[in-house]
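For reference, the chains in residue letters:
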Amino acid sequence: MTRWCPTDGRTKYGVAICNFKSRDQHCLTLSVGDTVHILEQSDDWFRGYCFRNKALKGIFPRCYIHIKEASVTVESSQECIHPKEPPIVQEISSVLREWSSMWKQLFVVRRKKDFEKIRDMMHSLINSRRLILSRKLTNEEVRDLQQKVTTEIDLGNVLLELDLVVRDDKSNILDPEKSSAIEVYRQHVEATERVQTERVSDEQDFEEETVQKSRTESESEQKIVWRSTYNLYVTVRNFVCRVGEESELLMTLYDVKQSKFISENYVVRWGTKGMPKDLDKLNNLRVLFTDLGPKDRLREKVYLVCQVIRLGVMDPKDIENKKLTQGLRRPFGVAAMDVTSYIQGAEDTDEDKQHFIPFFQCGEKESLEGVIKKVLGGKEVNHKGQGLWVSMEILQGDIKQVREENPQLFLGSTAVARKMGFPEVIMPGDVRNDIYVTLLGGEFNKYSKTSDKNVEVTMHVCNHKGEILENVISLGAGERLISEYKSVIYYHEDKPRWHETVKVAISIEEEFRGLHLKFMYKHRSSTEAKDRQEKVFGMSFVKLMNENGTTLGDTDHEILVYKIEAKKLDPSKYLDLPTTRDDLENRGYLQSGSGKLVVQGGGLTLSLRDSIQISSLVCSTKLTHNVDLLGLLKWQEIINHKKLLKSHLDSIMKVDGEEIVKFLQDLLDSLFSIMMQTTSEAFDNLVFDGLVHIIALISDRKYHQFRRVLDAYIETNFSFAMAYNKLLVIFKFYIDNANEKAQQDSLLKAMKSIEYIIKFIIRSRLLFSAINEGRGKQQFEISMKQLLQSINGMMLFKEDNTLLVQGAALKYMCSTVSLVMTVFDPLELSHLLVDFIDNVLVDFIDNVPRDRLTHQKMTCVDDLVHTELFKLADCRAVLLPKMLQMTKELMERDEESELCARILSDIMHHLHSPQTSPHDSDIEIVMLQILRTVIQTVIATDRCSSLTGHYVAIMISILRQMTESHYNTYVNNFATQIDLLDFLIEILMLFQDLVGKDGVYKSDWREMTLLQNSVILKSLRLFAATIKEKFFSPFEQQLWSNFFHCAISFLTQEALQLENFSSSKRQKIISRYKDMRREMGFEIRAMWFSLGPNRILFIPEMVGPFLEMTLIPEIELRKATIPMFFDMMHVEFTQPVPNSNRLQGNFHQVENEVITQLDALVEGGRGDQQYMELVYDILHMLCEKHTDIKELREQGLAFVEMIKNLLQRLMEYRHIILDENKEHRMSCIVNLLNFYHNIGRQQMYIRYLNKLCDLHLSCDNYTEAAFTLMLYSKLLQWTEEPLHPMLISKKYPSITCNQALKEQLYYDMIDFFDKGKMFEKGIEMCKELVKLYETEQFDYQKLSDVLRKQAGFYDCILRQMRPDPEYFRVGYYGRGFPSFLQNKVFIYRGKEYERLSDFNARLQNLFPNAQLMRTLSAPGEDILQSPNQYLQINAVSPIMQDKERFANKKVSEQILKYYTVNDVQKFTYSRPIQEDSNDITTLYLERTNLLTEYPLPGILRWFQVTSTETFQVTPLENAIETIDGKNKALQSMLSQHKVDPSLRIDPLGLTLNGVVDPSVNGGITKYKVFYTEDYLKRNATEKDFELVMKLKSTTLQQIKLVQEGLKLHRRKAPESLRPFHNHMESRFRELCKILEKDYGIHISKVNESGNVSLKRNQSMPSSTYITGTVTRHSDIGVQSVPGTPENISMLNKTPPSSGRVQSVWVKPDPQRSPAKGSLIPTKVGNIIRRASHVSDSLRGSGALTEQPIELSQQLTPKRPPRPENDKRGSRGSAHFRDQPLSLLNNMNSSSTSLASSASNASTTTVSDFEETEIVEEPPPLPEKASYADYTNVSSEIPPIPQRISPLRPNQKKDKAPPPLPVQEEEENGPPALPQKTIH
């Protein structure tokens, strides 16, 4: 057996590298990336827990875990794991875990763009983590990578809407416990701004390329503000060019606009073999073009230019000729590339990306300069694949910074090519002494030569002796220094243009006087022999230093060329000759008269026909062009020349800044030396002004780097120990004369430079003190105080001309405080500081007038906070009161609010620092002086202002640093109880506002919000003690109420709901702050029970807030606070009734408020199963234990049960309300409706009625919405009484009385019933309004409108087609359904035209996991208790309820049709007992009748079944019902065609065909056995006899309906359906023969009443006793059962002649005259003849012959009339024109009479149908009756059957059978009838 052992420290921490899942209860499920704490180990297994769920422990495979290094500590007997990874790595891991789940959700919600961004960020973070863990990066690279990582994390958190991560300056996560509240706030602000900037930048990356380019250019311009220096790093990869000889590659940067080079050359010597000449430089050719600055970014075009110079013979064609001169520098070509986009930052550079620079070769007479211009001009030249391959990269920072950050770039021989001239920011220590000389061009006469010369210029640097200085010339970077420079040679060119630049680098130790550049000119011959004979034909020179000691000017120089006359030159003589043409003119060498110029000396003679141009640029920290500066540097030479010295001192302010900083130390030494050597005040003032000018210059941003040089000079090089006296005197003099305009400019500069002036003073004093052992200390202190007092006095000036000086003093004065502190002895420091601050600085600030320089004054206060003075506790005790007083005054006047906030923030931030402790006394000063003002400022400040958060942070900082002692001191400091009461109410209301939904801080400022909450919690605890101590007696209800509401708001705020956070975030909060909700809940509980008898004052006010508190899902909090409700119940119950001795005896207020608040809170998402159980258990236990008051116990137990039921229903509703299924929501609402109705909560009842109504309207359930409003209206009265507040409608808030609201609801119901086609219900509503308007209000106008609406409803009942809704039974079995559906059966009312298959699909979509049961058998216990879902669905038929008002009356089918499917509560369905039985006589059905809870339709489209009754149906009864069902279908179709003649005939044709020619189940013939005599003999019971008779009667009725249908089909069927119609008539005749022959049903010609029994007019369809009793199962119309002998005999009786006979419509025939006695009304120009009575004569055996009535005027057809002969031919014989088609003969009163008449009738019927095929029978007219309808006559009038006269009163009426369900045919839906026949 494996043995488990504890793990050691090296095996405590690991990460899952594979997913692990197991069903074993002992195993721990792991996902990739989960971190685990390993407790024990065995051979192959670990045991431990996952950090995301520490409570669950288990085992997991050892091989699935990667062990990581971690340190283990023990805290509270528990091991704590601390990974040893860097913090940034741990953060990346945590972020990836948190993002992984949320990232997938972005895909679900289709945020594709954000999804891709987060994916890329996660990949980048993974790679960054890998790089950091590889430990291969330098510290600088790790720092940059960490910055990049934190930026990505911040952006990702914003996209995922996570909390803002607050970091310190090193990008590490800020620890709020170690940081001040002010720092936490400021870091939040900075992080928000940073993330916003990064997000905007990130979004812009997705814009178009052109937009991005312009954005980048604008950004590059903006970067000029802060980017001072950058560099271009270039690597030469290869040079591809066929040169043939050695060559030089000179690479440099070129400004196109200025046409000049801007950097030194980088020289690469290329060998003849296509490789560098120095093989050590192979793949190591790198150069750094440095010193580039912001101005270079502004250059329009910058090119990287490479000049190629060939080293060899004159003509490259003669390379192999050894006799030719070798080593000549000849131009070969140029390669150039535009690098402007890289310089400007518009395009990123990549060191790995190679660029090809095409090469362009020089022509025979082209100079390199000309080729450059041609190339840069964009001229197309074929480079033939020749060129230079380079890569480049932009590096930020100066050369020193680049070397530190990229040491790998300088491992080899990386050359540094500096920009020609000083960089824009001159770095300290940058010592240079360089002169850049550019050989521009020349012009040389050929003299004795036949052709132009091949001029070569050689340059040397010589001293005054003519000696050549060695190694002082540089051709470019990457080359050694040389002693002579030889120019490029242009072949036979008298005006060569070189434009070659070299650098002359002379040591600063070299004596510059006499140094000069010497240029020698020589013609170079192509052949070596001739070249040896060539001599130098000329020379030029130029001095590097002028006579006045300045250097050569930075300009172009035209140098004179001298012919060499002597073999040896004498420098002592030729140096005196003029060097330039300007020098020549200035010396006056022109000879008078001749105009010839003769200049000679030292063996040289001037040649005016030759000349040369050069330009020079001095870049030296040793040499200067400025005479005044040079004069000051050599002050000793002119110390006695007062005027000259004064001139130089005056001119120092005009010297360029670059010149001054180059000679900063020397210049300062000179100024102080002059000051100390002279005694004149004038010179002292000039020296002081110069010193101030230099200090001001150094303060400029351009030279801010030289502040370090100046500081270093003061600390190390400054040596003037007596200077402080003069500086003090001069400075004081300027200050004392501040009103004099002459001194104001100097004083203003001096005040701006006061920091360095004081530094010089202090340093000088320290030097003097060190030399003289501290002598003069007292005098110095007096002088310093006098200086400060002078400044203080200057601040009292009120003149406008002193404003600038006073402002400068306020701005810069604080920078001297720390300096002044250094001159005092530490032992006396505290006393001196107190006097100093109290008498000087404080007065200095305070002396400024109140409304003058307010901003500057407060800025000075803020600066003073940052001085070393403020860090001393004794100084703070003096400073703080004054500072706070000034700040308070401004805050109360609402001035400088932002500056005041900054001052207070800085003060509180410093007071949090442990370096400035102790702070207790300081916090007390702040608390007493400024806290109340800060609180009031927070209250008064607009929430939209950014200052609000700032002031809140200040308040939080003050409260955070206050101890309990501070709180007590503050509370006791109030003068009166009223003041304290006002403060407490004020701060409680502020706290409540801060923790509310509209808090000050953003929702993602988690750390700031939690810090605020921790401080508020601490404050509320301390204030609670004060409230209990000072405001219990006398009791202040408002204060206690504010405390409770504030505490509840704190406890329920969103930021503290830990269950809504991720596990890692929740763990971090708990570890740092614990669960603050629990602590606040305990405090609330303690405060409640401290109320004592005053608790009744807070009932029911605090019930809702306390409920909200208990609903928080924290179990300990719930257990502690739920008993408070029982206490409330007890308090209210035992409350004495006023003016009596009895108790209240109930807790109705608590009960009502609990119910009301629970409804709102639970619906809002609060509460869970645990809460319901806890409430029930705790309150039930408390009620059970309370036996002292029996009534309280009983009422309490009942109340607890009610609350449990309410919570259960509310949670069900809340769960369902989030579902898309609105039907479930309706069910839950009805459950709540019933609950509130049962407990009498009318307000909640109405609330949910409105919800239900709105939900119905959103689903277009207008009928159900109307029924819902009906419940609302029943709560109202038809009176003018004002509405109770709970009855006021939110939809009609302006209605305030019962009658008006009820009336409005009735109009809404009428409208909804109209939309739902429930016209009958609309009529009921209208009738009530009619009664109101007619008998109560006498408002005839409204009465008229309502009556019109009512009339419209009546018309719609008869005219409008309304589809019959289907009803379905649904059984929800299994525990998988919601509780309100589990194991319950419902009846559903289907939607319009919704059949069983549609309903089935709809329900299965709602429950996709449910299984559909295939049988109608009752489910077993296994299904009922199963956790799954089972659905049992089948169609049911409604059973119409008896309507007494229709009894013994003839009612239209349209009217009755509504009641068959509406207002029904009983339903039925059947299923065969034997499924596979083929014997029709054994086909028994099991019929189930269902009773619903409420009638349908109602407030829902479904109701639960409350009772079920099951019984059997015999086969005979089944046959009757089947045939009767088909009859009803036929009757319905015929009625529809009568109402709407435009309906298609196809459905009717299919139904008729199903009867006459059944393709399955045999139709009527299926039941043949029931028609035979044998069946009656076998079943000789009275019931069977009656049923057989009823079957025959039903069959006869079907034949009549089929005949009527065929007649209608014949008339409306198009020609295409004529064969189909003929087939049906043929089959019908055969069916009739079979019925007469085999079934004993006699079918003969129709008697007088035959047609009447099946025909109805359009406005009132007939309701015969057959359809009235058999099909409807009601006593409507006739109460007797058809089929009995009495009723059968009745059919043979002829109605009396006086009886009204149904009128019929016929087609108009102009040849026929109207019948006698007929009435001819006129309508729309057409006279229609209406027959009111028909005189008949009997034909055959008792048959009625009806005389047709014709219209007297022809109707105008829409199509052209046919010819008369066609019309006659189509009408057939007169016999059929004179009488209608025979239908059916009446049945005799006995079965024998039926049989005897069958043969007589059969022949006539068949012959009639044969002739009917060619006869067009005119349609009958409607009956002449009072209710006949003539308004809907159409061009094609359907046949309307006659109506059978109603039964005579003396006829026998049998008792109606019990109502049976109407079984309408459903071809495919269950339950399937056995052997179903299509009739």
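Refer to the structure printed above.
Colleague: Even after reading the chapter, I still don't get unusual backbone geometry, so can you show me in this structure?
Modeller: Excluding glycine, most residues fall at negative phi; most peptide bonds, likewise, are trans. With an omega of 0°, the peptide bond running from S1033 to P1034 counts as cis. Counting through the fold element by element, P1034 comes out in the loop between helix 33 (1006-1030) and helix 34 (1037-1052). For H492, which is not a glycine, the phi torsion comes out positive at approximately 50°. Tracing the backbone shows H492 in the loop between strand 22 (484-486) and strand 23 (497-505). Its identity is not glycine, yet D1260 carries a phi of approximately 60°, on the positive side. Tracing the sequence through the fold places D1260 in the loop between helix 44 (1242-1258) and helix 45 (1262-1273).

Colleague: For this particular structure, what's the right way to read the packing of helix 46 (residues 1298-1315) against helix 48 (residues 1340-1359)?
Modeller: Two numbers describe a pair of packed helices, the interaxial angle and the distance between the axes. The N-to-C vectors of helix 46 and helix 48 enclose an angle of 25°; their axes lie 12 Å apart at closest approach. Classified by the angle between their axes, helix 46 and helix 48 sit roughly parallel to one another. Judged by the twist between their axes, the crossing of helix 46 over helix 48 is left-handed. Residues E1303, Y1307, I1310 and D1314 of helix 46 touch helix 48, and the partners they reach there are K1342, V1346, K1349 and F1353. Within the contact of helix 46 with helix 48, the residues separate by chemical class into 4 nonpolar, no polar and 4 charged.

Colleague: What is the right way to look at the environment of E1223 in this model?
Modeller: Among the secondary structure elements, E1223 is positioned in helix 43 (residues 1222-1238). Assessed through its relative accessible area of 14%, E1223 is described here as buried. For the pair formed by E1223 and C1259, sequence separation is 36 residues and the distance between their alpha carbons is 9.4 Å. Every residue in contact with E1223, bar those within four places of it in the chain, is listed here: Y1388, R1402, L1406 and W1502. A distance of 2.5 Å separates polar atoms of two side chains, one belonging to E1223 and the other to R1402.

Colleague: Help me out: how do you make sense of helix 8 (residues 368-376) in this one?
Modeller: Given 3.6 residues per helical turn, the α-helix brings residues three or four places apart onto the same face. For helix 8, the set of buried residues is L368, E369, V371, I372, V375 and L376. Projection of helix 8 onto a plane perpendicular to its axis shows the buried side chains occupying an angular sector of 160°, all on one side. Check the buried side of helix 8 and you find it contacts strand 10 (246-255), strand 11 (260-261), strand 14 (302-312), strand 15 (328-338), strand 16 (354-361) and strand 23. Just downstream of helix 8 lies G378, where phi reads positive at about 85°.

Colleague: Looking at this structure, how should I read the pattern of salt bridges?
Modeller: Side-chain pairs of opposite charge can arise whenever the charged atoms involved come near each other. Evaluated as defined, the whole model comprises 83 salt bridges. Among the salt bridges present, the one from R1362 reaches E1320, with a minimum N-O distance of 2.9 Å. Of the two residues, R1362 is situated in the loop between helix 48 and strand 29 (1367-1373) and E1320 in helix 47 (residues 1319-1337); the sequence distance between them amounts to 42 residues. The class of R1362 is buried, set by a relative accessible area of 14%. A residue is classified by how much of its surface remains accessible, and E1320, at 7% relative accessible area, is buried. Where R1610 meets E1625, a salt bridge forms, and the shortest distance between an N and an O atom there is 3.5 Å. With R1610 in helix 55 (residues 1582-1612) and E1625 in helix 56 (residues 1618-1638), the pair connects residues that are 15 residues apart, well separated along the chain. Residue R1610 shares its accessibility class with E1625, and that shared class is buried.

Colleague: How should the side chain of R286 be read in this particular structure?
Modeller: Tracing the chain through its elements places R286 in strand 13 (residues 285-292). Filtering out sequence-adjacent residues up to four positions away, R286 remains in contact with Y233, V234, T235, Y266, Q408, L409, G412, S413, T414 and A415.

About the thresholds
Residues numbered from 1 in each chain as written. Predicted model: local features only at pLDDT ≥ 70, side-chain atom pairs only at ≥ 80, totals over all residues. Heavy atoms only, no water. Helix = DSSP H or I, 4+ residues; strand = E, 2+ residues; numbered from the N terminus. Axes fitted to C-alpha atoms, helices over the stretch in contact; angles between N-to-C directions. Parallel < 35°, antiparallel > 145°, perpendicular 65-115°, else oblique. Left-handed = near helix turned anticlockwise from the far one by under 90°. Contact = heavy atoms within 4.5 Å. Nonpolar A, V, L, I, M, F, W, Y, C, P; charged D, E, K, R; others polar. Buried < 20%, exposed > 50% of the residue type's maximum accessible area, 1.4 Å probe, protein only. Polar contact = N/O pair within 3.5 Å; in protein donor to acceptor, adjacent residues only side chain to side chain. Arc of directions from axis to C-beta. Salt bridge = Lys/Arg side-chain N within 4 Å of Asp/Glu carboxyl O.

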